[in-house]
Amino acid sequence: MMFGPPDADSPNTAQSMRWRIKRHTNDELRQRFVDMTVPQAGALGVTLPDPLLRWNADRGHYDFGPVDWDEFKQVVAGHGACNAQRIAHRRAAHEGGAWVREAAAAYAARKAREGGADPPAKPVDGTSTRL
């Protein structure tokens, strides 16, 4: 589902390719991703949920089923099957990291009261840090 809509439905692919903003089309990137990922999944013992996924020796690439773009749009809009769980994990991680943010703010406030921040670290190789 990644890499944007099919090339036939992508309003920007042709121009982006002409201007060399993109080096590969959405369809090419999707195919390359599948070709790299399927062997990795196999090595890990993971079964990919596409009944049409097959190696095509004539093309030298994997064939795969059509992408459900309606499902993709729903997931991107925040209505995916795991969206509530993902948001809950993000909130928990943010709340769990509050102590780090508070400690950093307290340290910065203490340094400011003491007359300034720590001097910048010197590079190990002796080069200048200035641009």
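Before reading further, recall that the structure is shown in the block above.
Along each chain, residue indices are assigned from 1 in the same order as the chain's sequence is written. Thresholds applied to this predicted model are a pLDDT of at least 70 for local features of residues and 80 or more for the giving and counting of side-chain atom pairs; totals over whole chains, interfaces and linings are not thresholded and use all residues. To get the side-chain values, all heavy atoms of the structure are used, and hydrogens and water are removed first.

S.K.: Explain the side chain of serine 10 to me, please; I cannot follow it from the model alone.
M.R.: Secondary-structure assignment places serine 10 in the segment before helix H1 (13-18). When a residue's accessible area, from a 1.4 Å probe over protein chains only, is under 20% of the maximum for its type it is buried; when over 50% it is exposed; and in between it is partly exposed. We classify serine 10 as buried; its relative accessible area is 15%. Once residues lying within four places of it in the same chain are set aside, the contact partners of serine 10 are Pro5 and Asn26. Numbering of helices and strands runs from the N terminus, with a helix taken as a DSSP run of H or I at least four residues long and a strand as a DSSP run of E at least two residues long. By definition, residues are in contact when any of their heavy atoms lie within 4.5 Å.

S.K.: I'm lost on helix H2 (residues 26-44) in this one. Help?
M.R.: Residue pairs three or four apart in sequence face the same way in an α-helix, which turns once every 3.6 residues. One less than the number of residues in a helix, times 1.5 Å, gives the span that helix is expected to have. Given a rise of 1.5 Å per residue, 19 residues ought to cover 27 Å, and the 27 Å separating the end C-alpha atoms of H2 matches this to within 8%. Considered for burial, the residues of H2 that qualify are Asn26, Arg30, Gln31, Val34, Asp35, Val38 and Ala41. On its buried side, H2 packs onto H1, strand S2 (61-63) and helix H3 (69-76). Of the residues one or two after H2, glycine 45 is the one with positive phi, at around 80 degrees.

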